[in-house]
Amino acid sequence: PVEYTLKGISQVELNRKAGMDFNAALRSFLRQDPDVILVGEIRDYETLEAAIEASLTGHLVFSTLHTNDAPSAIVRMVQMGAPNYLVAASTIGIMAPRLVRKICPTCIEPAPYTDELKAMVQGSFSFGKEFTPKLFKGKGCTICRGTGFKGRTGVFEMMKVSAAIRELVLQDASTDEIRKMAIKEGMRPLEQSALAKVTQGITTLEEAMRVTTLRKSETKNLDRAGLDEDERHESGGRGFLEEFSDGKLDEFPEEAMLDEM
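Summarised in this report is the structure supplied together with it. (Residues numbered from 1 in each chain as written. Predicted model: local features only at pLDDT ≥ 70, side-chain atom pairs only at ≥ 80, totals over all residues. Heavy atoms only, no water.)

Observations regarding the overall build of the protein
Convention followed: Counting from the N terminus, the helices are DSSP H or I runs at least four residues long and the strands are E runs at least two residues long. Accessible area is worked out with a 1.4 Å probe on protein chains only. A residue is then buried under 20% of its type maximum, exposed over 50%, and partly exposed in between. The contact rule is simple, with two residues in contact once any of their heavy atoms fall within 4.5 Å. For the area figures, the Shrake-Rupley method with a 1.4 Å probe applies, and any residue is considered shielded solely by the protein chains shown.
Along its length, the protein carries 11 helices and six strands. In the protein, buried positions account for 43% of the 261 residues. Within the protein, contacts between residues separated by at least 24 positions form 72% of all contacts whose residues are at least 6 apart in sequence. Of the roughly 15000 Å² that the protein leaves accessible, carbon and sulfur atoms contribute 51%.

Put into structure tokens, the structure is as follows:
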């Protein structure tokens, strides 16, 4: 369904019973010579095929897929039935976003930083032993309704489909192989993007772990670090990088991609 009426944007609702499916809609759109096409969500091969055909005619096509990370989207499209060579030829970039809760600026306070928690940070995010960020938590107040969090912000994983990645797609490579190549070419994984927010004091380590793949394997380390269940849900903080000054996490161009909520 069309949820918002936007000036200058042509929109249409689907009605499969009346023959108005994705293919019919896209064919109609292409006759109007659009610059950009947005397909709300790709759920099946029919929709994927229509989106690929539109992109191959020179149009910029945006859409969404349900995957765990950016590299998984490539394998997902192939599994849905799209030929490897069409996926490689039509895909130019994939972004995987997550939302993390921001710490409440009213009740911010330093969080306990034990040796176990320090070891967990270093091991989980593959940084050197010299990496010792300051952590904060939200004590809970009337402003944040006792949660320690106020508002949300985004963490992102942006993968550009380069010539090397296209070659891997043509070779029917696995998600792990594509991911390794993307990281080698400069992609910052979701875990590192989330850690950047932690080191800036925007969110907490527990919150970063909750929205990334670390949450399943690293939860038990929180217990060893002496954090009880209440602290897990109420922690938050605000600060900045003081002890990690090589510049890797100082600038965050992705911040402009999502307005603060």
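What follows picks up the thread again.
Notes on the pattern of salt bridges
Pairs can form between side chains of opposite charge whenever their charged atoms are close. What counts is decided by this rule: Think of a salt bridge as a Lys or Arg side-chain nitrogen and an Asp or Glu carboxyl oxygen that are within 4 Å of each other.
Tallied over the entire structure, the rule returns eight salt bridges. The partner of Arg101 in a salt bridge is Glu207, with the nearest N and O atoms 2.9 Å apart. One end of the pair, Arg101, is in strand 3 (residues 93-103); the other, Glu207, is in helix 9 (residues 205-211), with 106 residues separating them in the sequence. Since its relative accessible area comes to 1%, Glu207 is described here as buried. Connected through shared salt-bridge partners, Asp69, Glu157, Arg179 and Glu191 make up one network.

Comments concerning the pairing of strand 2 (residues 60-63)
Look at any regular strand and the pattern is simple: side chains alternate between the two faces of the sheet. Short version of the rule: Strand pairing is assigned whenever DSSP identifies at least 2 bridges connecting the two strands. Look down the strands so they point away from you; if going from the first strand over the helix to the second traces a clockwise path, that crossover is right-handed.
Sheet analysis places strand 1 (residues 36-39) next to strand 2, joined by four bridges and oriented parallel. Bridged to Val39 within strand 2 is Ser63. For the crossover from strand 1 across helix 2 (residues 45-56) to strand 2, the handedness is right-handed.

Some words on helix 1 (residues 22-31)
Quick note on the threshold: We call two N or O atoms a polar contact when they sit within 3.5 Å, provided that within protein one can donate a hydrogen and the other can accept it, with sequence-adjacent residues counted only if both atoms are side-chain atoms.
Inspection of helix 1 places Phe22, Asn23, Ala24, Ala25, Leu26 and Phe29 among the buried residues, and these make up the whole buried set. Between the side-chain oxygen of the N-cap and the backbone nitrogen of Ala24 there are 2.9 Å, and the N-cap of helix 1 in question is Asp21. Just beyond helix 1, the residue with positive phi is Asp33, at close to 55°.

Details of the packing of helix 6 (residues 163-170) against helix 7 (residues 175-184)
Our working rule: Structural elements are reduced to axes, namely lines fitted to C-alpha atoms, with helices fitted over the stretch in contact, and the angle between N-to-C directions of any two is expressed from 0 to 180 degrees. Our angle categories are set so that under 35 degrees counts as roughly parallel, over 145 as roughly antiparallel, 65 to 115 as roughly perpendicular, and the remainder as oblique. Just so you know the grouping, Ala, Val, Leu, Ile, Met, Phe, Trp, Tyr, Cys and Pro go in nonpolar, Asp, Glu, Lys and Arg go in charged, and all remaining residues, Gly too, go in polar.
In the contact formed by helix 6 and helix 7, the axes pass within 10 Å of each other and the chain directions differ by 175°. Relative to helix 7, helix 6 is oriented roughly antiparallel. Between helix 6 and helix 7, the residues in contact are Ala164, Ile165, Leu168 and Val169 and Glu177, Ile178, Met181 and Ala182, respectively. Partitioned by chemical class, the residues of the contact of helix 6 with helix 7 number seven nonpolar, no polar and one charged.

Regarding the nonpolar core
To keep it simple, the criterion reads: For this analysis, a nonpolar core means a set of buried residues of the types Ala, Val, Leu, Ile, Met, Phe, Trp, Tyr and Cys, connected via side-chain atoms within 4.5 Å.
Residues Leu48, Ile74, Met159, Ile165, Val169 and Ile178 are the most contacted members of the largest nonpolar core, which totals 44 residues. With residues up to four places along the chain from it excluded, the contact list for Met159 reads Ala70, Pro71, Ile74, Gly93, Ile94, Ile165, Ile178, Ala182 and Met187.

Focus: the packing of helix 3 (residues 70-79) against helix 7
Put simply, the test is: Crossing handedness: left-handed means the near helix sits turned counterclockwise from the far one by under a right angle, and right-handed means the same turn made clockwise.
Relative orientation of the contacting elements helix 3 and helix 7 amounts to 140°, with a least axis distance of 9 Å. Classed by the angle they form, the pair helix 3 and helix 7 counts as oblique. Judged by the sense of rotation from one axis to the other, the crossing of helix 3 with helix 7 is right-handed. Touching Pro71, Ser72, Ile74 and Val75 of helix 3 are Thr175, Ile178 and Arg179, all from helix 7.

Some points on the environment of Ala208
Looking at where Ala208 falls in the secondary structure, it is placed in helix 9. Given a relative accessible area of 0%, Ala208 falls into the buried group. Expressed as a C-alpha distance, the spacing of Ala208 and Ala194, which sit 14 residues apart in the sequence, is 5.2 Å. Once residues within four sequence positions are removed from consideration, Ala208 is found in contact with Ala194 and Val198.

Some thoughts on the state of the cysteines
Definition in use: Cysteine sulfur atoms are paired as a disulfide whenever they come within 2.5 Å of each other.
Counted according to the given criterion, the structure contains zero disulfides. Here Cys107 is not disulfide-linked; the sulfur of Cys141 is the nearest cysteine sulfur, at 3.7 Å. Free cysteine Cys141: the closest other cysteine sulfur is in Cys144, separated by 3.7 Å.

Focus: unusual backbone geometry
Positive phi, close to 55°, is recorded for Asp33, a residue that is not glycine. Examined against the element boundaries, Asp33 turns out to sit in the loop between helix 1 and strand 1. The exposure class assigned to Asp33 is exposed, which follows from its relative accessible area of 61%. With a phi angle near 60°, Asp172 is a residue other than glycine that sits in the positive phi range. Within the fold, Asp172 resides in the loop between helix 6 and helix 7.

Honestly, it's all geometry; don't read function into it.
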